[in-house]
Amino acid sequence: MDEVITVPKRILSSLISSVSAGVVPRLGAPYIAIGRDAEIAALLADLEAVKEGGSAMRFLIGKYGSGKSFLMQLMRGYALERGFLCADADLSPERRICGGKGAGIATYRELIRNLSSRTAPEGGALSQIVAKWLSSLQNQVASEGLLPDDPAFRQEVSKRVFALAREMENGVGGFDFAAVISEYYRATLSDDEEKKSCCMRWLRGEYTTKTEARADLAVGSIIDDENWYDYIKLWAEFSRRIGYHGLVVFLDECVNLYKIVNRVSRENNYEKLLSMFNDTLQGRAPGLSMILGGTPQFLEDTRRGLFSYEALRSRLADSRFGSGEYRDLLGPVIRLRRLSDNELFALVTRVTKLHAMHFGWTPRLGDEDMAAFLTECTARAGADVMITPREIIRDYMAVLNILYQNPEADFATVVGKTVTASAPEVRSDFDDFSLADIEL
């Protein structure tokens, strides 16, 4: 335990709170990143391809608590550091790939709300990104010898804004997207805050009728349930044109598509996923990377999972040569393996250091105690396959919390009372079923 770790206090507090509750930390994930080197290398290779104008789509498949969401947050941090824009959302009964009652546009709004850049890693970066681009254009023009008070300065900046807007008009929805970007620039020149607000509202997908949008911005369409993915592709193209390497979209909790009870609605979502898959794998979405997280049920169930949709099953099914000792991490599906015993030991060691740093105490346990804890956890029937990092860390954090709050307690006694031999969680196809899921 000689390794020195320095974590900013704000991030450390959030990290400890998240880990204790079994929640994936939005900030600070690299501080507890153990293992997954092969998976990270494969996803980083995708970023390199996207940086060169390609596109990618991956499915991260693993049991609840196996580390899918953690890996996605880790990759989000890596992508931001490498100059990408990132947008993430968790799917839910109210947020789907497509669906009536605003389920599709709700996903788009969540993605844009969480849009982040290196300088705004916590999300809400939309206005900042557009303002930074306009400022960058002005700096470019100024560096070429035109002064801001020169009438030709504004003319040259305007010419570059409108030139980019014209280039964006080729994509589906590109004409209105370009029109709104241009209108935002005009509003900036005239200090029209109300018009700028209308532009941001349109870009966030918050207009519900074309009539209202046309009255405010003179555009012919709005972002809605049917076309929101087309605008994600436009954002990817726009991000590359304004100096970023591309856009990385993270969609977690895709098991909520598997839980859709209505067969037609479920298949409509899978059909849209197929369209996204074809776009990215055939290079029709330059600058876009999509990473989706789901459970084995979501992928493999032949009644309600992706494999129930033959076009997706034929694309995502494992090769008969890819099982056993060797893994194929270049295909569209990455299955998360169980962390090794050594990796789990390194993880609890790291968590111990972070807990001690946060609360300013010296934990009363050594390497032998941590090894004994892991032995206790993995001794349960089926734990070699079923146990997940979330279960282990949540229990371990409880042990550390008890030791910290009770100076007279010793590790052996606490572990004997805390670690239970509970069976692995069993989830049925109809967990979280409700009448609200039925669509007539």
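(A) Up close: the side chain of D46. Assignment of secondary structure puts D46 in helix α2 (residues 37-51). For D46, a relative accessible area of 13% corresponds to the buried category. Residues contacting D46, with those up to four places away along its chain left out, are A56 and R58.

(B) Focus on the packing of helix α5 (residues 126-143) against helix α6 (residues 151-168). Look at α5 against α6: their axes get within 10 Å of each other, and the N-to-C directions meet at 130 degrees. Here α5 lies oblique to α6, going by the angle between them. For the pair α5 and α6, the crossing hand works out as right-handed. Contacts from W133, L134, L137, Q138, Q140, V141 and A142 in α5 reach F153, E156, V157, R160, V161 and L164 in α6.

(C) Fine view of the pattern of salt bridges. Considering all chains together, one arrives at 26 salt bridges under this definition. R201 is the partner of E212 in a salt bridge, and the nearest nitrogen-oxygen pair spans 2.9 Å. Of the two residues, E212 is situated in helix α9 (residues 210-217) and R201 in helix α8 (residues 193-203); the sequence distance between them amounts to 11 residues. Linked through salt bridges whose partners overlap, the residues forming this network are E144, E156, K159 and R160.

(D) Broad picture of the packing of aromatic side chains. Summed over all chains, the structure comprises nine aromatic pairs. Between F177 and F238 the ring centres are 5.7 Å apart and the planes differ by 70 degrees, which places this aromatic pair in the edge-to-face class. Here F177 is found in helix α7 (residues 174-189), whereas its partner F238 is found in helix α10 (residues 228-241), with 61 residues between them in sequence. Both rings, one in W235 and one in F238, keep their centres 5.8 Å apart while their planes meet at 75 degrees; by these two values the pair is edge-to-face. Of this pair, W235 and F238 both sit in helix α10, three residues apart, which is roughly one turn of that helix. Owing to a relative accessible area of 4%, W235 belongs among the buried residues under this scheme. The class of F238 is buried, set by a relative accessible area of 1%. Of the aromatic side chains, those joined through ring pairs into one cluster are W133, F177, W235 and F238. Across the ring face of Y207, the terminal group of R201 is positioned such that the distance to the ring centre comes to 4.1 Å. The lysine or arginine in question, R304, covers the ring of Y258, its NZ or CZ lying 5.1 Å from the ring centre.

Definitions and cut-offs
Residues numbered from 1 in each chain as written. Predicted model: local features only at pLDDT ≥ 70, side-chain atom pairs only at ≥ 80, totals over all residues. Heavy atoms only, no water. Helix = DSSP H or I, 4+ residues; strand = E, 2+ residues; numbered from the N terminus. Buried < 20%, exposed > 50% of the residue type's maximum accessible area, 1.4 Å probe, protein only. Contact = heavy atoms within 4.5 Å. Axes fitted to C-alpha atoms, helices over the stretch in contact; angles between N-to-C directions. Parallel < 35°, antiparallel > 145°, perpendicular 65-115°, else oblique. Left-handed = near helix turned anticlockwise from the far one by under 90°. Salt bridge = Lys/Arg side-chain N within 4 Å of Asp/Glu carboxyl O. Phe/Tyr/Trp six-rings, centres within 6.5 Å; stacked < 30°, edge-to-face > 60°. Lys NZ or Arg CZ within 6 Å of the ring centre and 35° of its normal.

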